[in-house]
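# Chains, contacts and geometry: an overview
Each chain is listed here by its residues.
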Amino acid sequence: MQHLKRFRIKDADNKMLSMTVSRCVIPRFAQCLNKSAALTAGFIPKKLYGYTQNRNFAKNATKYQKETASVTFVCSDGTKYTVDAKVGDNLLDVVIENNIDLDGYGACEGTLACSTCHLIFEKADYNKLPTQPCDEELDMLDLAFGLTDTSRLGCQIVVTKDMDGLVVKVPAGVADAREPS
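Here we summarise the structure given alongside this text. (Residues numbered from 1 in each chain as written. Predicted model: local features only at pLDDT ≥ 70, side-chain atom pairs only at ≥ 80, totals over all residues. Heavy atoms only, no water.)

## Some thoughts on the pattern of salt bridges
How we decide: A carboxyl oxygen of Asp or Glu within 4 Å of a side-chain nitrogen of Lys or Arg is what we treat as a salt bridge. Where helices and strands are cited, they refer to DSSP runs of H or I of at least four residues and of E of at least two residues respectively, numbered from the N terminus. Only protein chains enter the area calculation, which uses a 1.4 Å probe; residues under 20% of their type maximum are buried, those over 50% are exposed, and those in between are partly exposed.
Under the definition given, this model contains 2 salt bridges. Among the ionic pairs, Glu-122 bridges to Lys-169, the shortest N-O distance being 3.5 Å. With Glu-122 in the loop between strand 5 (118–121) and helix 4 (123–128) and Lys-169 in strand 7 (residues 166–169), this pair connects stretches of sequence that are 47 residues apart. Overall, the relative accessible area of 41% leaves Glu-122 in the partly exposed class. Among the residues examined, Lys-169 registers a relative accessible area of 42% and is labelled partly exposed. When the shortest N-O distance is used, the salt bridge between Arg-152 and Glu-137 registers 2.8 Å. Of this pair, Arg-152 sits in strand 6 (residues 151–153) while Glu-137 sits in helix 5 (residues 135–141), and the two are 15 residues apart along the sequence. Here Glu-137 falls in the buried class, since its relative accessible area comes to 1%.

## A few points about the pairing of strand 3 (residues 68–74)
Applied cut-off: In this scheme, strands are said to pair when DSSP sees at least two bridges between them.
Of all 7 residues making up strand 3, 5 are buried, and the element is well covered by its neighbours. Relative to strand 4 (residues 80–86), strand 3 is paired through 7 bridges, and the arrangement is antiparallel. Bridging across to strand 4, Phe-73 finds its partner in Tyr-81. Counting the residues that bridge the hairpin from strand 3 to strand 4 gives 5 residues, and of these Gly-78 lies at a positive phi of roughly 95°. The pairing of strand 3 with strand 7 spans 4 bridges and is classified as parallel. Counterpart to Thr-72 in the pairing with strand 7 is Val-167.

Below is the structure:
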């Protein structure tokens, strides 16, 4: 029978096992056991029917950790939220990922269609920001509540390692530019 194949393999206790399997069983079996102990123990022969990819599902493998920078959001009532922001995320994503409860914050989800992610920076921090506001951001900021010279939209500020220790103020209210006056 050409569709049957006999294998000798070792189980988790290093005991030799012999098994006969159908050629069509192995691909289905491999899909079902994704990231299981059977794959990590070598239960499925690696060079069977084109499955030559080496898979490492070790539980003690080090996971890639993104660099972080500490950012503090200060609300108008004095409440402070200090979080570790992932380098490369924008400040809107930082608020969302860390479940910071800021009413109405980021209503347009970072599409630069509102001004609800308005933040106020200290002058020194504002001058250190890697980018200047674009025309679209400036147009949205014109509609923001509590606009200052150091105002920016959080969805446009990408966190860098240099921002570690950054403190930003969240204005008392939000003005959603998408809603008619």
